[in-house]
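Inside the fold
Here's the letter readout for the chains.
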Amino acid sequence: MKRIYLLFSLLIGCIYLHAAIYNVMDFGAKADGKTIDSPVINRAIEAAAQAGGGTVYLPAGEYACYSIRLKSNIHIYLEQGTRIIAAFPGKEEGYDTAEPNEHNKYQDFGHSHWKNSLIWGIGLENITISGPGLIYGKGLTREESRLPGVGNKAISLKDCRNVTLKDLSMLHCGHFALLATGVDHLTIMNLKVDTNRDGFDIDCCRNVRISQCTVNSPWDDAIVLKASYGLGRFQDTENVTISDCYVSGFDKGSVMDGTWQLDEPQAPDHGFRTGRIKLGKYDETPNRNITITNCTFKNVQRGVGTHAAIVGCYHSNIRIENNKFINIPGYAIIATNYINSSIKNNEITDCASGIIFRDMAITLYPSEKGNKSKTPKISSKSVIANNKIEITDKKYKNVNYGIQLLGEYRSKKKGNIPKGDYRVYGVQVYGNEITLKNASYGIWLNGTGKIRVNNNVINMQVPKKASGKSGGTVVRVISSKGSRINGNTIINTSKNKNKKLYRGIELIGKKAGSASGNKFKGFAKKQQTIKRKS
């Protein structure tokens, strides 16, 4: 009797499982690459939603589509050989019209609308898009087109919950491969994205996991984490982990086809190969609890970080750890307005500059909402430790630093930026190994206070043909009251025999802190520790 009951239960389960799969071919899809199949796919999605949810199955074939409208409790599965192709809009048909948004003054057009996309969902929950198929944004634009029927994003999600994107490939996706705004519990796993503008833009989202993804975006950012006011309410981006991802700036499409080329001209609106992970500056809603770990960055302008910020807005608990940066013509890591954060155990190779950590008024923006910004004296309580940094002979805005800490005190208002103390306080810099293969600076402190630089090993290895003819300084300290430079090993193995060109430690000004217990190798005695007024 029990055996019969078990067999009956399995039979009912199989019937239920079969009923929960909606094959778009059964709804009339052609999958011939010519017929617009999005109306059919939308009918399958609607049928599944009315039944309480299910899997919408797309077997192998080419599905020319305009807007695909997601519903709650839906899993869209792309089989091997399946290609969803964004069609070019026609005179009478195209993508859904961009919806009105009264809060669009805080974002550009692309960030402010969601329906003008290949695939979109608003106010939904329990959504999965997965499978080894391809989403190809062939007919999407990367520009700010506001014409009716034009689409500019591959996937757009707003105010959604419990979303998973897994195992997909995405090619040439317009302005965004993914725009996620106000999404809670978002998982992005094993996606291969090779696109002509942004990869993933994560805005006002919480509890996000991005792992094992390849994002090649030479013409804009690979992954952006930001907190905007575009939803009309304050909402931080927080609790985000990005791990085991590969971020690059190879020619568009060449990662997807396996040729890995570097011959294409740069984007018309960018001066370098962009492709980076960026923590955005928008509004006064900061990013919090962000971890970026075990990722590789290659052939991009900058690796990861925040290059601008709002006055008085501080990103907190940012962890940039155990990553690799290779062939970066700018900064590998740039951190503006970080507190309670750590930059540790990263390997930076063949880069123009390693790490910049700053709280600097000249790079900040005033409030975009007109709120009064506070500029308190803040101790960063952050750590830069155990990084291995190699600075090579690259040219990027004449910037070459291993580690740079930079701030300033502004005694009066200038433009829209209020007066305030924008100096960097309370950062510990220890255990780093820095190799300088051009005339540059190992560690530079300017506009800081109570910084501890301890137990670092810095080796100046400038070849004869390096670009810097004036030599370099291993550690330079300017206007850094209460800072201490202790117990570091400072080595000069440069090929140029004129050792006067190379300086160990420079303490400049009355408030340059102190230096003691440092070991020098290969420096003339007078060049080991130099104190001067200016």
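Residues numbered from 1 in each chain as written. Predicted model: local features only at pLDDT ≥ 70, side-chain atom pairs only at ≥ 80, totals over all residues. Heavy atoms only, no water.

1. So, the overall build of the protein chain
Across its full length, the protein chain carries 3 helices and 50 strands. A buried classification covers 57% of the 534 residues belonging to the protein chain. Looking at the protein chain alone, contacts between residues at least 24 apart form 70% of all its contacts between residues at least 6 apart. (Helix = DSSP H or I, 4+ residues; strand = E, 2+ residues; numbered from the N terminus. Buried < 20%, exposed > 50% of the residue type's maximum accessible area, 1.4 Å probe, protein only. Contact = heavy atoms within 4.5 Å.)

2. Structural notes on empty space enclosed by the protein
Tallied over the full model, the rule gives 2 cavities of 30 Å³ or more. Reported here for the largest cavity is a volume of approximately 70 Å³. Looking at the largest cavity, the residues that line it are Y314, N337, Y338, I339, F357, R358, D359, I378, S380, R423, V424 and Y425. At the level of secondary structure, the elements contributing two or more residues to the lining of the largest cavity comprise β30 (338-339), β32 (347-359) and β39 (424-430). A per-element tally of the lining of the largest cavity places β32 first, with 3 residues. Here the residues of the lining of the largest cavity are counted per class, giving 7 nonpolar, 2 polar and 3 charged. Looking at the second largest cavity, its volume works out to about 40 Å³. In terms of lining, the second largest cavity is formed by R276, I277, R302, G303, V304, G305, H307 and I334. Its residues assigned to classes, the lining of the second largest cavity shows 3 nonpolar, 3 polar and 2 charged. (1 Å grid on protein atoms, 1.4 Å probe; cavity = no way out; pocket = protein on both sides within 12 Å on 5 of 7 lines; lining within 4 Å. Points joined across faces, edges and corners; volume = space filled by probe spheres on them. Nonpolar A, V, L, I, M, F, W, Y, C, P; charged D, E, K, R; others polar.)

3. A closer look at the pattern of salt bridges
Applying the stated criterion to the full structure yields 20 salt bridges. As a salt-bridge pair, D220 and R197 come within 3.2 Å of each other at their nearest N and O atoms. Pair noted here: D220 is in the loop between β19 (214-216) and β20 (223-226) and R197 is in the loop between β16 (192-194) and β17 (198-203), with a separation of 23 residues, a long-range link. Exposure class is identical for D220 and R197. Each is buried. The partner of E264 in a salt bridge is K252, with the nearest N and O atoms 2.7 Å apart. (Salt bridge = Lys/Arg side-chain N within 4 Å of Asp/Glu carboxyl O.)

4. Observations concerning unusual backbone geometry
Positive phi, normally seen in glycine, also occurs at N289, with a value near 60°. Looking at where N289 falls in the secondary structure, it is placed in strand β24 (residues 287-293). Exposure remark for N289: the relative accessible area of 30% places this residue in the partly exposed category. The phi dihedral of N340 falls on the positive side, at around 50°, and the residue is not glycine. When you line up the elements, N340 lands in the loop between β30 and β31 (342-344). N340 sits in the partly exposed class, given a relative accessible area of 38%.

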